[in-house]
Amino acid sequence: MKHAGAERIVAIDLVDKRLEMAESMGASHTINAGNDVIPEIEKLTEGIGLDCVFGRSRSRSHHQYRN
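Residues numbered from 1 in each chain as written. Predicted model: local features only at pLDDT ≥ 70, side-chain atom pairs only at ≥ 80, totals over all residues. Heavy atoms only, no water.

As a further point, take the side chain of T45. Secondary-structure assignment places T45 in the loop between α2 (37-44) and α3 (60-66). A polar side-chain atom of T45 sits 2.8 Å from the main-chain carbonyl oxygen of I41. Each residue touching T45, except ones within four places of it in the same chain, is listed here: R8 and L50. (Helix = DSSP H or I, 4+ residues; strand = E, 2+ residues; numbered from the N terminus. Polar contact = N/O pair within 3.5 Å; in protein donor to acceptor, adjacent residues only side chain to side chain. Contact = heavy atoms within 4.5 Å.)

Spelled out as structure tokens, the structure:
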């Protein structure tokens, strides 16, 4: 994403180890999803919000609803 011109890459996850991995792969900011992420995103983006969001889930129930 940085190669495409993204200034901020925000990784959000419940697992700190995955957040560390995201940071090592280029995320400029990490947020633990155990916290209320909306105020953190608003603070980070000065109230504007994120331009683009990608979702990923390993939850079996999530995949059941997708199919």
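Having seen the structure, we can now continue with the description.
A separate point is unusual backbone geometry. Even without being glycine, E46 reaches a positive phi, approximately 55°. Considering the arrangement of structural elements, one finds E46 in the loop between α2 and α3.

Before going further, it helps to examine the pairing of strand β1 (residues 10-13). Sheet topology note: the β1/strand β2 (residues 29-32) ladder contains four bridges and is parallel. Paired with A11 across the two strands is T30, which belongs to β2. Once the chain exits β1 it traverses helix α1 (residues 16-24) before rejoining the sheet at β2, and the crossover so formed is right-handed. (Pairing = 2+ DSSP bridges. Right-handed = clockwise from strand over helix to strand, strands pointing away.)

Interpretation in functional terms is not warranted from these geometric data alone.
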